[in-house]
Amino acid sequence: TKNIWLDCDPGHDDVTAILLALYLPNINLLGISTTHGNAGHHYCAINAARSLVAFGADERILVYPGAPKPLVLHAQHAPSIHGVDGLGGVEGLPAVDDPAVLSRIAKDLQGENIRALDGMRMHIKETWKNGSDSKVSIISTGPMTNVALFVTVYPELLDAVEQFVFMGGGVGLGNMGPASEFNIMCDPHAAQIVLDAHAKVVMVPINVSHTAIVTRAIHKQFLTGESTLTSSNPATPLPPAKTPLRHTLSTLITFFTETYKAVFGFNDGPPLHDALTVAYISCPDLFKATRFRVDVEMNGRHTTGETVVDIFNFHQYDSSWGPRGKNCLVTEAIDVDKFFAMLLECVQKCDTV
Ligand code: BDR
Ligand code: CA
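Fair warning: this is a prediction, and the values are worked out from it, not measured in the lab. (Residues numbered from 1 in each chain as written. Chains lettered and ligands numbered in written order. Predicted model: local features only at pLDDT ≥ 70, side-chain atom pairs only at ≥ 80, totals over all residues.)

### Regarding the pairing of strand E5 (residues 161–167)
Alright, step 1. Counting buried positions along E5 gives six out of seven residues, so the element sits mostly inside the fold.
Alright, step 2. As defined by bridge partners, strand E4 (residues 136–140) adjoins E5 across five bridges and the pair is classed as parallel. Opposite serine 140, over in E5, you have phenylalanine 166 as the bridge partner.
Alright, step 3. Of the crossover connections in this fold, the one passing from E4 over helix H6 (residues 145–153) to the parallel E5 is right-handed. (Buried ≥ 20, exposed ≤ 12 C-beta atoms within 10 Å, placed from the backbone. Helix = DSSP H or I, 4+ residues; strand = E, 2+ residues; numbered from the N terminus. Pairing = 2+ DSSP bridges. Right-handed = clockwise from strand over helix to strand, strands pointing away.)

Spelled out as structure tokens, the structure:
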């Protein structure tokens, strides 16, 4: 079993990452920290808590609210993609003031929120104490502010980290500008800090996530659980959802489908970027990946926020992870069918708890 910590900014696709983290059989989710990103940090924290309740997560799994803003820049959000509250159009989640939701935000004895950095330290240290095979993989599916702070403030805990796996960046591709991807663009300084950490770092760039598209045929499978790939004709109405959970996920997909079409002209469906990180930890064999040197452009004329990947090894690098080495395992392709089969199995499981 792989222990994971999930740092996220839910966000439609972040919610699907949470679902995988809860229901993949070889994944043990220790906790969730949240950041600014798709929406303001308060929204992201409460959305993570709403997802945990909606998915029937074990009550020991809690949300630790994190950084309200990037390390250096001002916070920016993505209302045109995710709605102002981060989960636009999603029906059937518990309300933001539902006591069950509020009880998922980690509190100390005085009733104050326990912050992301403390939550990460406590859980990762505790798990590590249990033995050397109890390392933790830290996933980041939003701007990497919390994770960069963790690396900076607790360098001694890097021994307890199996790997950092982040969704973000692109190889010559952007979604905020020609070369800059949202998560990296929001906090490029944090991204560089994580890339330079003395630990294995894995990147899932948009080049890969853009291949994991929720087509109409897959949307149908979310609704019914049946894997017939026939009749994805847009003229035929989608079937009704078999269960309330499937309805919720369908509304999530519908909203995301519409915004991806309106903003990026994706006609076949939206990409489920963030869920790929959890799939990677559960089953790295689904991916093709190569180790490169990756740095973040901080101050380009056209390319601020770009992940600069040295594909042809223009410079000399040593064999370490960190500032002098090929610091990043860059994923290049994923078995999309197996990925969706995995996700749909988790939906099925979640429905039966
Ligand atoms: C990333 O940006 C966010 O909008 C998504 O949740 C994903 O993490 C894709 O660029
Ligand atoms: Ca995200």
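What follows picks up the thread again.
### Regarding unusual backbone geometry
Alright, step 1. Geometrically, the link from proline 10 to glycine 11 is a cis peptide bond, its omega value of -10° lying close to zero.
Alright, step 2. Notably, asparagine 313 is not glycine yet its phi reads approximately 50°, a positive angle.
Alright, step 3. For asparagine 313, the position within the fold is in the loop between strand E9 (307–309) and strand E10 (328–334).

### Re the confidence of the model for the protein
Alright, step 1. In this model, the protein carries an average pLDDT of 96, and 98% of its residues clear a pLDDT of 70 or more.
Alright, step 2. Mean pLDDT per element in the protein: helix H5 (residues 116–129) is the minimum at 96, and strand E6 (residues 201–204) is the maximum at 99.
Alright, step 3. Predicted as a complex, the structure gets a pTM of 0.97 and an ipTM equal to 0.99. (pLDDT = per-residue confidence, 0-100.)

### Some remarks on the site of ligand 1
Alright, step 1. What surrounds ligand 1 is a group of 16 residues, the closest being Gly11, Asp13, Phe182, His273 and Asp274.
Alright, step 2. Those elements that provide at least two residues to the shell around ligand 1 are helix H1 (12–23) and helix H7 (182–186).
Alright, step 3. Looking at side-chain class alone, the shell around ligand 1 contains five nonpolar, seven polar and four charged residues. (Near = placed C-beta within 6 Å. Nonpolar A, V, L, I, M, F, W, Y, C, P; charged D, E, K, R; others polar.)

### Overview of the packing of H6 against helix H8 (residues 188–195)
Alright, step 1. Following both chains from N to C, one finds H6 and H8 inclined at 45°, their axes separated by 8 Å at the closest point. One finds that H6 runs oblique with respect to H8. Regarding H6 and H8, the two cross each other, and that crossing is left-handed. Here Thr145, Val147, Ala148, Val151 and Thr152 of H6 lie close against H8, whose contacting residues are Ala190, Ile193 and Val194.
Alright, step 2. Its residues placed into classes, the contact of H6 with H8 shows six nonpolar, two polar and no charged. (Axes fitted to C-alpha atoms, helices over the stretch in contact; angles between N-to-C directions. Parallel < 35°, antiparallel > 145°, perpendicular 65-115°, else oblique. Left-handed = near helix turned anticlockwise from the far one by under 90°. Contact = placed C-beta atoms within 7 Å.)

### Some thoughts on the environment of isoleucine 281
Alright, step 1. Note on placement: isoleucine 281 falls in helix H12 (residues 275–282).
Alright, step 2. Given 22 C-beta atoms within 10 Å, isoleucine 281 falls into the buried group.
Alright, step 3. Each C-alpha atom of the pair isoleucine 281 and glycine 66 lies 23 Å from the other, and the pair is 215 residues apart in sequence.
Alright, step 4. For isoleucine 281, the contacting residues outside a window of four places in its chain are Lys2, Ile4, Ile27, Ser137, Ile139 and Val165.

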